[in-house]
Amino acid sequence: VEVTGAPVINDVKDLKGAVLVFHDISDLKRVEEMRKDFVANVSHELKTPITSIRGFAETLLEDDMADEEIRKQFLNIILKESTRLQSLIHDLLELSKIEKEEMKLSLKLIEVDSWMQSSLTLIEQQAQKKSLLFTKEVERGITFYGDPDRLQQVILNLMYNAINYTGEGGRVILRVAETQSDVVIEVEDTGVGIPEDARSRIFERFYRVDRARSRNTGGTGLGLAIVKHIVEVHQGTIAVTSEVGKGSCFTVKLPKKL
Ligand code: ADP
């Protein structure tokens, strides 16, 4: 609480009392805390791969490394870490763009059948690499208003997660259906699942259930924050149900007319 005060004085300059104003600044404080946390998180996320790239590059330069295998191994780590940096910077820019341009969605009539096709090719390849069974149950002929590029990002991020957090031989399902007022997109997997106490937090920036696992699969910890933002700018909702060890299901509802 922030307090400001002023004395109350009458005509003959007698002090009669004082006025105190109490401002509840807990919201401001919270926003400020979140901003500080965010900067600290970004710095940490950037520092980790840079330290590793620098360390391996220095070792490669200093040591007279005859072993071709080890050289290759180090170069691969450098490549992997710089790719991570690139994704992280891409996601950060994406997030700040969405925040700044909230009002500037490029709304178009989206025809789901053809709109979906372009993103599915990419996903199908990824799923195949992990021998996952990928099925889609997309109702024919759905149309609605939205920003096609941003919403494609939503589907891609959810699908990439489903693929990343599901072990070889598992199953990923994409469903699209409609109600009178909404388009309902569901991404379901038979993967590791999300513990109950983490379910409300996974949409926060940089929150991860298992940091090491997310890193290993190239995750930035920003994917779901971006998804939630895009969905909310479209006045939609996102929810998740999950069982640890069995799988997860993300449901996005978007109003057909904005
Ligand atoms: P990341 O880049 O780490 O995947 P996200 O913001 O996309 O970041 O997701 C946040 C966290 O939520 C992940 O680190 C992971 O722990 C959890 N998560 C997201 N999707 C799934 C899923 N389909 N199955 C299990 N866990 C998931």
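In what follows, the structure referred to is the one given above.
Scope of this entry: the structure provided in the associated data block.

So, how was this worked out
- Residues numbered from 1 in each chain as written.
- Predicted model: local features only at pLDDT ≥ 70, side-chain atom pairs only at ≥ 80, totals over all residues.
- Heavy atoms only, no water.
- Pairing = 2+ DSSP bridges.
- Helix = DSSP H or I, 4+ residues; strand = E, 2+ residues; numbered from the N terminus.
- Axes fitted to C-alpha atoms, helices over the stretch in contact; angles between N-to-C directions.
- Contact = heavy atoms within 4.5 Å.
- Buried < 20%, exposed > 50% of the residue type's maximum accessible area, 1.4 Å probe, protein only.
- Patch = residues over 30% accessible without salt bridge, like charges linked within 9 Å, V, L, I, M, F, W, Y side chains within 5 Å.
- Areas by Shrake-Rupley, 256 points an atom, 1.4 Å probe, with all protein chains shown as cover.
- Salt bridge = Lys/Arg side-chain N within 4 Å of Asp/Glu carboxyl O.
- Phe/Tyr/Trp six-rings, centres within 6.5 Å; stacked < 30°, edge-to-face > 60°.

## Side note on the sheet that holds strand 7 (residues 182-189)
Argument step 1. With respect to topology, five strands assemble into an open sheet ordered 4-6-7-9-8, the strand pairing being mixed. The open sheet has two free edges, formed respectively by strand 4 (133-138) and strand 8 (237-243), since each of these has just one partner strand. The sheet shows a mean angle of 10 degrees between the axes of neighbouring strands, direction not considered.
Argument step 2. One ladder, built from seven bridges, connects strand 8 with strand 9 (residues 247-255); its direction is antiparallel. Within strand 9, the position partnered with Thr237 by the bridge is Lys253.
Argument step 3. Those strands touched by helix 3 (residues 112-129) are strand 4 and strand 6 (171-178), and its axis lies near 170 degrees from that of strand 4.
Argument step 4. Helix 7 (residues 223-233) rests against strand 8 and strand 9 of the sheet, and its axis sits at about 140 degrees to strand 8.

## Re helix 7
Argument step 1. Buried residues dominate helix 7, accounting for eight of its 11 residues.
Argument step 2. Three or more residues of helix 7 are buried, namely Gly223, Leu224, Ala225, Ile226, Val227, Ile230, Val231 and Val233.
Argument step 3. Looking at the buried positions of helix 7, the neighbouring elements they touch are helix 2 (68-100), helix 4 (148-164), strand 8 and strand 9.
Argument step 4. The positive-phi residue at the C-terminal boundary of helix 7 is Gln235, with phi of around 60 degrees.

## Details of a nonpolar patch on the surface
Argument step 1. Side chains of Val1, Val3, Leu20 and Phe22 sit close together on the surface and give an oily, nonpolar patch of about 450 Å² of accessible area.
Argument step 2. Mapped onto the elements of the fold, Phe22 is located in strand 2 (residues 15-23).
Argument step 3. Phe22 sits in the exposed class, given a relative accessible area of 57%.

## Quick notes on the environment of Leu107
Argument step 1. With respect to the element layout, Leu107 can be found in the loop between helix 2 and strand 3 (108-111).
Argument step 2. Sequence separation between Leu107 and Asp147 is 40 residues, and the spatial gap between their C-alpha atoms is 4.6 Å.

## Side note on the packing of aromatic side chains
Argument step 1. Under the criterion given, the structure shown has four aromatic pairs.
Argument step 2. Consider the rings of Phe56 and Phe74, whose centres lie 4.8 Å apart with planes at 70 degrees: the pair is edge-to-face. Residue Phe56 is located in helix 1 (residues 26-62), and its partner Phe74 is located in helix 2; the two are separated by 18 residues in the primary sequence.
Argument step 3. On the accessibility criterion, Phe56 (24% relative accessible area) is partly exposed.
Argument step 4. Phe74 gets classed as buried once you look at its relative accessible area, which sits at 16%.
Argument step 5. Ring geometry for Phe203 and Phe250: centres 6.3 Å apart, planes at 80 degrees, overall edge-to-face. With Phe203 in the loop between helix 5 (196-199) and helix 6 (211-216) and Phe250 in strand 9, this residue pair connects regions lying 47 residues apart in the sequence.

## Here's the deal with unusual backbone geometry
Argument step 1. The phi torsion at Ser131 lies on the positive side, around 50 degrees, for a residue other than glycine.
Argument step 2. Mapped onto the elements of the fold, Ser131 is located in the loop between helix 3 and strand 4.
Argument step 3. Although it is not a glycine, Gln235 adopts a positive phi angle of roughly 60 degrees.
Argument step 4. Mapped onto the elements, Gln235 comes out in the loop between helix 7 and strand 8.

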